[in-house]
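Chains, contacts and geometry: an overview
So the chains spell out like this:
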Amino acid sequence: MSPKTRARGRAEAPDVPPELTRIPGRRILVVSPVVQIRLGPGDRVLVSPGQKVTAGMPIAERTCDPEFIDVGRLNGATNGNGKGNGEGGWKGSQQERRRPPLPGKWWVGGDDRRGRNARREGPRRLAGTLLYEINGRWSAAAGDRHEKVESPTSGVIVEAANCIGIAMKVTGIAIPAAVAGGQPTRGYLDVPRLVDGELRDTALDMGRSGAIVVAGGRVSAEALTRARAMSIRGMVAGSLGQAELRDLAASEGRQRAALHSMPPFGVLGLDGHQRRPIASPILALLAALAGREVAIITEPPLLVLDVVDVPLPELPRDWVRVRSGTHAGREGRWLSSAGLHRFRAGIHLEAANVRLGDDLGPTIIAVADLERFIL
Amino acid sequence: MSRQPRAFFALDFGAATTSAALVGHAGGRWRLLAHTAAPSTTDLDALLFGILDRVGKADRELLEFVSARERPGTAALVADLARLESRSSPPRRIAVLAGSKRQRRRLEEIASRAGWLVVGGSADVDDPLELSRLVLAWDTHAVLLGADSSPAGDEKRHLPMLGALVAAAARRRPELAVVLAGGAAIQESDFSGAGEHDRIPEVVKAAAPDSSAELDATPVDVATSAETTEEAPAVETAPGEPAAEQAAVGATPEGPSEATAPAATTAPAATTAAPRAPDLAAPAHAAPVELPVPSGDRHDSVLLAPDAESGQPAGSALQQVLEGLRARSDESRLGIARSVRSLALLLDKSIEVIEVGLDGGLRCRAEAVGPGHRTVVSSHVAMASASFAPEDLSDEMIDAVSSWSTIAFDRYRLSDRLRDLRSSPWGEADGEGALLRLAAAKAAVERLVAATPEISVREMPDIMIAAGGVWASTPPSVVALAMADLVRRPGVGRLACDQARLLGPLGAIADEEERRKMLKDLVEDVLLPLGSLILPAGIRQGRSAGRMRVTGETSNSDIDLQPGGIWAVELPPGQTATADMDFRDAVRLGARGRHFSVEVSGGLGGLFVDLRDIPLRLPDKADQKRATWESWQRAMWSEIDE
């Protein structure tokens, strides 16, 4: 039995029977979560706390190849050649430029840092952030290759600090996930037809360029490689293995070393690492949102929807899903509490009678292996 | 009849498990009336409601008596009964910086023993960029910059750079706690010379442990140790003796004294007739040292701490400072350590606890300084990496679990399962999941044991206690086997389990005297007996090592002692027996000899006779190793094939 879907303006608190409260609840949606975008030494923010940002707006500038630079002595009022720009605004105000050099302040290499040699025609633009000062001499994390970081979604900046990161309160709502890889990204949601709950790799073609593709229960390393090659922006799956995450991280490392950067690519595992199909209420929600602009956030793992009203799936109060164990991924209706039950290996656990799918009889499942959905 | 309840809830909020127990005063003493454990996501009121419901169904009169109400409403009792609480501290990360790799390793080890998740770098290996990345990372909560008290050249030349780097990071991140240890304190001036745009962190000297207290206590009297001296013996108080009770707890006949008044919002007030529930105010020995950690997220202070060699054993002084910085005052693991100290004094026995949970593990030991002494020496180490599903899961940790597992996993599959175990610690607790959980728990205990050589060198304790959520659903005999597998010291000891997880909440009782009185009543309820363990060393392989006769109250056994195996002899809880052993060759069992006669007590698992090697010798090949584990495990876990 699969849940029906209907449009609804607001989530309603269901009236849960007392025995059902023993089953861990899983929230399908979270409203206006605070997300983080991590930065490192050499990176600067282009926004300030309280500022409203929209999806696609540059919010930070990342130094792709930061090196440790001995800057030397800096004047009190300006930094380097006077082209300094601190956190607090993309263009940088006069007031900011007049501030004395401080750790984290944006620094642009002066003429003495614009190295010229026989092989290079143009000057190098060394820029980065100041790290610390010893005996009047400053050090910096700087490089000559930079890339803009675009906001994956709209929201309000909560915190923004050079070298550290950006915290942003998202305007819309989000589907929580268990694990994420890659980078924050955005694209239109593509929910292709899944065969046995899985997506064939061949379905990932150029036609899906710019999409965030719902890939079914599991996504393979080959599918991730193919998706990146096809300019797909991200993938959402029921589970995401550690092997695939490592492959993705290695691929990103190689990408960073390359001169031409590709658009950010992110991947989400909704349930965890072991193979499980996407929960039917979430799949129904994703199907209803197909074609809408969504964003993948990696810290914390979220699929952000830039909307406030979404069609929520209509679920029976006793609808439960098995999240671990031999029946993992199956769904059904909770019938009754089964008390303390002796399971395999002589382990005694609190259990419940559940009618799974179209089964005729109930199945006894440990309560801790179940989850119920909270809308 | 008093209108004050004679019961309270003892609650332990773990990262994965919430344990709740109902403790009531009935039959002249405090008793554990009921307890339960559930995933931490479970609604607490539903949990407490369930406990009271069970007690009410089993013995309505008892519930009426302890609640001091004729028809107690369950919902009202859930709201009214006092609560004694302890909680796990969420794991926090510290960046360890040093001038040399040698110093960094030493500091990392100490920080790890203090319960921190550790990342580290040294200036002789890592460039300042990498070090900056460590301290500026969002998930880094504190920085430890350390050096020898008189730093040598290899460290000294890097200290100015490291000091400037950490000071710069502290200016960027006001919430960052900074500890300057040993010779690194010379960089203190970096934190006070800030300009008008910078905050000026306050420099605070962390209290060094009182070395005078260490002099007469050998050999494990360390900074992480605490002494409990029973200068004034506890007043033997029979319940219902108000005068003595008031003297012990400082209450007035009208109610709690002014000093304990704040606790009255949660604790039932004392009356002349009713026994007083424990004072639920802040614990007295909340942390080894009280550090001025600012409230909120800001740590506007720099702590000056001892170097990595201070204390006995070396590093314990710094460990104490770091632990005080990390742990909350009502932390479960510190509570367990305090309760064990009280128990050791109460029972006059050496006690060791091994606790494993989702966000870390604890090994602690408490014992009298010597026979007849009333001074207890204790030491404890709480490690975040001793979690059964660590947050920072490394390849070495995965391999360690694999080496304890009786199921063959490839590394990635095992990694996936362990990560899912962290996100869903109660998931798949049966069948293959139970075996995985056991292997993960053993790997965690192995890390704990490896990190506590100062406890491992001690003799087998009189009582060894297994605690923590990971053992909650494991059969008692399997828990006993795990203890025997991991803590291998020759001797005879009792094995017990803190099944109701009371040690943590009872450790939150502020007053040592009051805690000891409570434990005196509850000791048999707290320690669920698993059995006794006989573990001789020096047995030669190949032929029968001798014979053992177990003479019990109801049955006798005669066992041929075959080397290399472990046996469980049935000996129910509450029964004692005499085990007479005649070995062919001299062995070590406390002392060296061939004939031994020891008193053993029973438990849920019985009497365990372990004639395997010390340390365990296992085949090199993975499949043979798994088969060996399985053969030992199957002997103790007959339901494994169900």
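Residues numbered from 1 in each chain as written. Chains lettered and ligands numbered in written order. Predicted model: local features only at pLDDT ≥ 70, side-chain atom pairs only at ≥ 80, totals over all residues.

Focus: the overall build of chain B
Threshold: Only DSSP runs of H or I covering at least 4 residues are called helices, and only runs of E covering at least 2 are called strands; the numbering of each starts at the N terminus. Whether a residue is buried, exposed or partly exposed is read from the other C-beta atoms within 10 Å of its own C-beta, which are placed from the backbone; 20 or more gives buried, 12 or fewer gives exposed, and intermediate counts give partly exposed. Here, residue contact means that the backbone-derived C-beta atoms of the two residues sit within 7 Å.
In terms of regular secondary structure, chain B is built from 18 helices and 23 strands. Looking at chain B as a whole, 54% of its 642 residues are labelled buried. Of the contacts formed within chain B by residues at least 6 apart in sequence, a portion of 74% connects residues at least 24 apart.

Side note on the environment of Gln-36 of chain A
Following the sequence through the fold, Gln-36 of chain A ends up in strand 4 (residues 34-38). Considering only alpha carbons, one finds Gln-36 of chain A and Ile-157 of chain A, 121 residues apart in sequence, at a separation of 9.9 Å.

Some words on the sheet that holds strand 2 (residues 17-26) of chain B
Residue and element names in this part refer to chain B. Formally: The pairing criterion for strands is at least two bridges between them, as found by DSSP. With axes taken as lines fitted to C-alpha atoms, and helix axes fitted only over the stretch in contact, angles between N-to-C directions fall between 0 and 180 degrees.
Pairing is mixed in the open sheet, where four strands are placed in the order 3-2-1-4. Since the sheet does not close on itself, it has two edges, and those belong to strand 3 (29-39) and strand 4 (82-87), each with one partner. Here the average twist between neighbouring strands, direction ignored, is 20 degrees. The sheet contact formed by strand 1 (residues 7-13) and strand 2 spans seven bridges and is antiparallel. Pairing of Phe-9 across the sheet is with Leu-22, part of strand 2. Here helix 17 (residues 512-526) sits on the sheet in contact with strand 2 and strand 3, set at roughly 55 degrees to strand 3.

Topic: unusual backbone geometry
With an omega of -5 degrees, the peptide bond between Glu-299 of chain A and Pro-300 of chain A qualifies as cis. By the element assignment, Pro-300 of chain A lies in the loop between strand 21 (293-297) and strand 22 (302-305). Backbone torsion omega between Ile-614 of chain B and Pro-615 of chain B reads -10 degrees, so that peptide bond is classified as cis. In this fold, Pro-615 of chain B is placed in the loop between strand 23 (606-610) and helix 18 (622-636). In this model, Cys-163 of chain A sits at a positive phi of 70 degrees, which is unusual for a non-glycine residue. As for its position among the elements, Cys-163 of chain A is in the loop between strand 13 (155-161) and strand 14 (165-170).

Focus on the interface of chain A and chain B
Stated formally: Gly falls in the polar group here, along with every residue not listed as nonpolar (Ala, Val, Leu, Ile, Met, Phe, Trp, Tyr, Cys, Pro) or charged (Asp, Glu, Lys, Arg).
Every contact between the two is made by 45 residues of chain A and, on the other side, 43 residues of chain B. Elements with a contribution of two residues or more to the side of chain A that touches chain B: strand 4, strand 10 (127-134), strand 11 (137-143), helix 3 (242-257) and strand 26 (348-356) of chain A. Broken down by class, the residue content of the side of chain A that touches chain B amounts to 23 nonpolar, 15 polar and seven charged.

Regarding the pairing of strand 13 of chain A
Residues and elements named next belong to chain A. Examined bridge by bridge, strand 6 (residues 52-53) and strand 13 share two bridges and lie antiparallel to one another. The residue bridging Lys-52 from the neighbouring strand is Val-156, located in strand 13. Between strand 13 and strand 14, which follow one another and run antiparallel, lie three residues, and Cys-163 among them has a positive phi close to 70 degrees.

Re the domain arrangement of chain A
Residues and elements named next belong to chain A. Our working definition: As annotated, the domain borders come from an automatic or database domain assignment.
Taken domain by domain, chain A comprises domain 1 (4-27 + 312-374), domain 2 (37-149) and domain 3 (172-305). Its C-alpha centre places domain 1 at a distance of 27 Å from the equivalent point of domain 3. Counting residues at the interface gives 10 residues for domain 1 and 10 residues for domain 3. Tallied by class, residues from the side of domain 1 that touches domain 3 come to four nonpolar, two polar and four charged.

Structural notes on the packing of helix 11 (residues 395-404) of chain B against helix 12 (residues 411-423) of chain B
All names here are of chain B. Let me state the cut-off plainly: For classification purposes, an angle smaller than 35 degrees is called roughly parallel, one larger than 145 roughly antiparallel, one from 65 to 115 roughly perpendicular, and anything else oblique.
The geometry of helix 11 relative to helix 12 is characterised by a closest axis approach of 10 Å and an angle of 95 degrees between their N-to-C directions. One way to sum up the angle between helix 11 and helix 12 is to call them roughly perpendicular. Where helix 11 approaches helix 12, its residues Ile-398, Val-401 and Ser-402 are matched on the opposing element by Arg-411, Leu-414, Ser-415 and Leu-418. Here the residues of the contact of helix 11 with helix 12 are counted per class, giving four nonpolar, two polar and one charged.

Points about the confidence of the model for chain B
Residues and elements named next belong to chain B. In plain terms, the rule: Looking at any residue, its pLDDT shows the predictor's confidence there, from 0 to 100.
Confidence in the prediction of chain B, expressed as mean pLDDT, is 82, and 83% of residues score 70 or more. Per-residue pLDDT stays below 50 along residues 194-201; that stretch engages in 16 contacts with residues further than four places along the chain or on separate chains. In this model residues 208-274 is a low-confidence stretch, pLDDT under 50, and it forms 131 contacts with partners more than four residues away in sequence or in other chains. If you check the scores for this complex, the pTM reads 0.85 and the ipTM reads 0.86.

What to know about the environment of Lys-148 of chain A
Residues and elements named next belong to chain A. Tracing the sequence through the fold places Lys-148 in strand 12 (residues 146-150). Judged by local crowding, Lys-148 falls into the exposed class, with 12 C-beta atoms found within 10 Å. Separated by 88 residues in the primary sequence, Lys-148 and Ala-60 place their C-alpha atoms 5.9 Å from one another. Setting aside its immediate chain neighbours within four residues, Lys-148 contacts Pro-58 and Glu-61.

Description of the domain arrangement of chain B
All names here are of chain B. Each assigned domain of chain B is listed here: domain 1 (1-87), domain 2 (93-209 + 288-330) and domain 3 (334-641). Taking only C-alpha atoms into account, the centre of domain 2 sits 36 Å from that of domain 3. Contacts between domain 2 and domain 3 engage eight residues on the former and 13 residues on the latter. A class-by-class count of the residues in the side of domain 2 that touches domain 3 yields four nonpolar, two polar and two charged.

Let's talk about the packing of helix 15 (residues 476-486) of chain B against helix 18 of chain B
Residues and elements named next belong to chain B. To keep things clear, this is the line we draw: Crossings are assigned a handedness: left-handed for a near helix turned anticlockwise from the far helix by less than a right angle, right-handed for a clockwise turn.
Helix 18 packs onto helix 15 with a crossing angle of 140 degrees between their chain directions and a minimal axis gap of 8 Å. With respect to helix 18, the element helix 15 is oriented oblique. At the point where helix 15 passes helix 18, the crossing takes the right-handed sense. Only Trp-632, Gln-633 and Met-636 of helix 18 make contact with helix 15, whose side of the interface consists of Ser-477, Val-478 and Leu-481. Its residues assigned to classes, the contact of helix 15 with helix 18 comprises four nonpolar, two polar and no charged.

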